[in-house]
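The chain contents come next:
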Amino acid sequence: MSKLLVTTGFLFLSILGFSQDTLTISKSDLKQKITEKNLQIKIAEKNYQSAQADYRQSNALFLPNINVSYTGMATTNPLMAFGSKLNQEVLTQSDFNPALLNDPKTTQNFVTKIEIKQPLLNVDGIFGRQAAKAKMEAFQLQTQRTQEYVELEFSKAYMQLQLAYKAVRVLEKAESTAKTNLKLVENYFKQGLLQKTDVLNVQVRVNDISNQLQYAKSSVQNASDYLAFLLNEDAKGKTFKPSEELDNTIQVEAINTQLSDNRKDIQAMDKSSEAYQKMMVMSKMNFLPRLNAFGSYELYDSQFLGTAAKGYLVGAQLSWNVFDGYKSIGKYDKAKADFQKATIETEQYKKQSQLELSKTNRQLKDAENKVGLSQMAFKQSEEVYRIRQNRFTQGLEKTTDLLTAETQMIQKEL
């Protein structure tokens, strides 16, 4: 017995220790918080930033590539030794001695070199830049669509929390009503007016409602945890409670049943197709020649960090890859197939979205009708229960009829 008391005491202390803190929250206060803290929105923003960085890389199509290097070496290679002295501008007549040319002494050479490469005409790069821009814009639209989706999901989660609390209140009222009926039935049983089976039936009903109430309280915590997940907050030790009541009226406004091309996800799909189309053209333009300019400024010396001799080099190069073993042709075919696939996927997405839009509009109309009928049925079931309860207190109704009316009323209210 003492062990049982100790175990019960520890269990009671544990329950107190892990009790939840109830925080009252407002939908308007949390809306901005969702946009700033939601992880799904942050992921979408990082995807956009990654695409933005890809687009910035395409600036290399117009801007020069500048490279600075410093090289030091020592050599006895005849050609390198002669060339190093020539670059250092220190050649003398004795350096043309065949013996020295063929077997030079160790020659040191330190070179400071500044190289510049400037693209002039790269047609394929222009379309590649356009493709990167379209990709960036597609991810930007996807980010905006993600924000819209998360805001909708937040509204749903907030309403789920409101609904869960409302269900708890309904079941608490039902539990109170059931316990009142149980006391009434027990009094009648003590007076010999009812049988033991009537008392047991009502007790079963009380237990059933208590069980439903426990599930409803768990639903409150589940809805609260999901809301905390959307807010990117630690749900441990917290239970959210909405400050606003759930409005169970539906006002169906006139909704356009035709899919709008202004939807962010539709625009993102179109931009994605555009990016693939630009990639295809880029692969095609890869067959054209490229024109690039280049230049370098060089400083030579036989001593470390020396700059005794100077020289520069400027030029331009026109290059044309005439044949690369079908590599460019294969890239073009792949890009063309990817573009056609993206076009088909966009068309499929639009048709599927139109299908879902039409279905949702019908579901909304059905929900409006269902709410209206349910409200009417609840009022009717409430009146039926009131009548049967009055007749039961007068001994004119069976216990089972009273329980049936009570059950129906609670179901309609929920």
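Please read all numbers here as calculations on a predicted model, not as lab measurements.

Criteria and thresholds
- Per-chain numbering applies: the sequence of each chain, read as written, is numbered from 1 onward.
- Thresholds applied to this predicted model are a pLDDT of at least 70 for local features of residues and 80 or more for the giving and counting of side-chain atom pairs; totals over whole chains, interfaces and linings are not thresholded and use all residues.
- Side-chain measures here rest on the full set of heavy atoms in the structure, leaving out hydrogens and waters.
- Basic side-chain nitrogens of Lys or Arg form a salt bridge, by our definition, when they fall within 4 Å of a carboxyl oxygen of Asp or Glu.
- Counting from the N terminus, the helices are the DSSP runs of H or I reaching at least four residues and the strands are the DSSP runs of E reaching at least two.
- Note on exposure labels: buried denotes an accessible area under 20% of the residue type's maximum, exposed denotes more than 50%, and partly exposed covers the range between, all computed with a 1.4 Å probe on protein chains only.
- With axes taken as lines fitted to C-alpha atoms, and helix axes fitted only over the stretch in contact, angles between N-to-C directions fall between 0 and 180 degrees.
- Oblique is the label for any angle not under 35 degrees, not over 145, and not in the 65 to 115 range, which are roughly parallel, roughly antiparallel and roughly perpendicular in turn.
- In this scheme, a crossing is called left-handed if the near helix is turned counterclockwise away from the far one by less than a right angle; it is called right-handed if the turn is clockwise.
- Contacts are residue-level and defined by heavy atoms, with any inter-residue pair within 4.5 Å sufficient.
- Here the expected span of a helix is defined as 1.5 Å times the quantity of residues minus one.

Asks: Explain the pattern of salt bridges to me, please; I cannot follow it from the model alone.
Replies: Two side chains of opposite charge can pair, provided their charged atoms sit close to one another. What the rule picks out here adds up to 23 salt bridges. Glu233 serves as the salt-bridge partner of Lys37, at 3.7 Å between the closest nitrogen and oxygen. Remark: Glu233 occurs in the loop between α7 (196-230) and β4 (238-242) and Lys37 occurs in helix α2 (residues 27-37); sequence separation between them is 196 residues. On the basis of relative accessibility, which here comes to 17%, the residue Glu233 falls in the buried class.

Asks: Honestly, the packing of helix α9 (residues 327-393) against helix α10 (residues 399-413) in this entry has me stumped. Any pointers?
Replies: To characterise two packed helices, one gives the angle between the axes of the helices and the distance between these axes. Running from amino to carboxyl end, α9 crosses α10 at an angle of 155°, the nearest separation of the two axes being 8 Å. What the angle tells us is that α9 and α10 run roughly antiparallel. At the point where α9 passes α10, the crossing takes the left-handed sense. When α9 is examined against α10, the residues Ala377, Phe378, Ser381, Glu382, Val384, Tyr385, Arg388, Gln389 and Phe392 are found in contact with a partner set consisting of Thr399, Asp401, Leu402, Ala405, Glu406, Gln408, Met409, Lys412 and Glu413.

Asks: Looking at this model, I keep getting lost on α9. Mind explaining?
Replies: Because each turn of an α-helix spans 3.6 residues, side chains separated by three or four positions end up pointing in the same direction. Compared with an ideal rise of 1.5 Å per residue, which puts 67 residues at 99 Å, α9 spans 92 Å between its outermost C-alpha atoms and is within 8% of the ideal. Where α9 terminates, the next one or two residues include Gly395, which has phi positive at roughly 80°.

Asks: Explain unusual backbone geometry here, please?
Replies: A negative phi angle is the norm for most residues apart from glycine, just as the trans form is the norm for most peptide bonds. Phi angles above zero are rare outside glycine, and Glu89 is one such case at about 60°. Its location among the elements puts Glu89 in the loop between α4 (78-88) and α5 (98-102). Unlike most non-glycine residues, Tyr326 shows phi in positive territory, near 70°. Mapped onto the fold, Tyr326 is located in the loop between β6 (309-319) and α9. Residue classification places Tyr326 among the exposed residues on the basis of a relative accessible area of 56%.

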